[in-house]
Amino acid sequence: MRTLVVGDIQGCADELSDLLLAVGFVAGSDRLVSVGDLVNRGPKSLEVLRLVRDLGGETVLGNHELYLLSVVAGLSLPLVAGDSGRVEDTLDAALAAEDLPELLDWLLDRPEPVVRTGPWITVHAGLPPAFRLPEDADAVNQAVQAAWCSGRPLAERVELIRSDPRVRTLARLRYCDAAGRMPADDDAIDPPGFRPWFELREPGPLIAFGHWARLDPERARRADLRFLDTGCVYGRQLTGWLVEEDRLISVPARRTYWPLPR
Ligand SMILES: [Mn+2]
């Protein structure tokens, strides 16, 4: 049995199929783990959710899954073509899917919906400097699964999850300061007083992460990091990490689905 940890897919179902083919992925025997952001901006979000679920895959919550939840719960309005100033979403097919409730349960009703622990760590964006393993991971995972399974109305459950500052940080962190504070502008490049989160953590267990298509992979080249977001939706590559062989493998995007911001 092999394990493939795949970077940000963002609706690029064709490239996910290409990557599975490239590694000779054996359904039913090999294991698939996603770093999150399965959906949005690419063309086939629903197909990606179904494919990863049907392969028995696991994922952690990315910011785009949190956004999908917000839209489903009526807490955010979906962005449509023509909205001025903001790019549109590509979640329509997922939002209309009859099996969306089952797909959301698959995302959230699991023991480790936010941070996957074990021989290595899987998280969407990163871990702040003081985040303790496994205690803090256990606490946020339990909080999110408990909220999702609380039986409360959907909007209340999603609000509980998306307003949890730990969830927000783990799904969005790029730069922070020594206290774990993030810059006001999420998209700023090298904001003064802040550093990439991994430069502020002591070396520790190996962490697989994504969420940062503009990060130079050389900057994250470290024995205890596997950085997997190579910007497939932006026309670059989809990358996976074959854990047992400790090998990165990438397939090219079939086209540019979205402009890389800035
Ligand atoms: Mn992300």
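Rules used throughout
- Residues numbered from 1 in each chain as written.
- Predicted model: local features only at pLDDT ≥ 70, side-chain atom pairs only at ≥ 80, totals over all residues.
- Heavy atoms only, no water.
- Phe/Tyr/Trp six-rings, centres within 6.5 Å; stacked < 30°, edge-to-face > 60°.
- Helix = DSSP H or I, 4+ residues; strand = E, 2+ residues; numbered from the N terminus.
- Buried < 20%, exposed > 50% of the residue type's maximum accessible area, 1.4 Å probe, protein only.
- Pairing = 2+ DSSP bridges.
- Axes fitted to C-alpha atoms, helices over the stretch in contact; angles between N-to-C directions.
- Parallel < 35°, antiparallel > 145°, perpendicular 65-115°, else oblique.
- Left-handed = near helix turned anticlockwise from the far one by under 90°.
- Contact = heavy atoms within 4.5 Å.
- Donors = N, O, S within 2.8 Å, 3.2 Å for Na, K, Ca; no water.

Re the packing of aromatic side chains
Part 1: In total, this model carries seven aromatic pairs according to the counting rule given.
Part 2: Ring geometry for W120 and W241: centres 5.7 Å apart, planes at 80 degrees, overall edge-to-face. Of the two residues, W120 sits in the loop between β4 (115–116) and β5 (121–123) while W241 sits in strand β10 (residues 237–242), which places them 121 residues apart along the sequence. Neither W120 nor W241 differs from the other in exposure class; each is buried.
Part 3: Judged by centre distance (5.0 Å) and plane angle (75 degrees), the rings of Y175 and W212 are edge-to-face. Here W212 lies in the loop between β8 (207–209) and β9 (225–227) and Y175 lies in strand β6 (residues 175–176), a separation of 37 residues in the sequence.
Part 4: You can call Y175 buried: its relative accessible area is 6%.

As for the sheet that holds β10
Part 1: In space, the five strands of this open sheet follow the order β3-β2-β1-β10-β11, with mixed pairing throughout. Bordering the open sheet on either side are β3 (58–59) and β11 (247–252), each of which pairs with just one other strand.
Part 2: Note: strand β1 (residues 3–6) against β10, three bridges, orientation antiparallel. Considered in β10, the bridge of L4 is made with L242.

As for the packing of helix α5 (residues 100–108) against helix α6 (residues 135–148)
Packed helix pairs are specified by the crossing angle of their axes together with the interaxial distance, meaning the distance between the axes.
Part 1: Two elements in contact, α5 and α6, have axes separated by 10 Å at closest approach and are oriented at 155 degrees. Comparing their axes, α6 and α5 come out roughly antiparallel. Here α5 runs over α6; the crossing is left-handed. Between α5 and α6, the residues in contact are L104, D105 and L108 and V144, Q145 and W148, respectively.

Regarding the coordination of the manganese ion
Part 1: Coordination of the manganese ion by the protein involves D37 (OD), N63 (OD1), H124 (NE2) and H211 (ND1), with metal-donor separations of 2.1 to 2.2 Å.
Part 2: Written as a sequence motif, the donor residues of the manganese ion are D-x25-N-x60-H-x86-H. Remark: H124 occurs in the loop between β5 and α6 and N63 occurs in helix α3 (residues 63–72); sequence separation between them is 61 residues. Side by side, N63 and H124 carry an identical accessibility label, which is buried.

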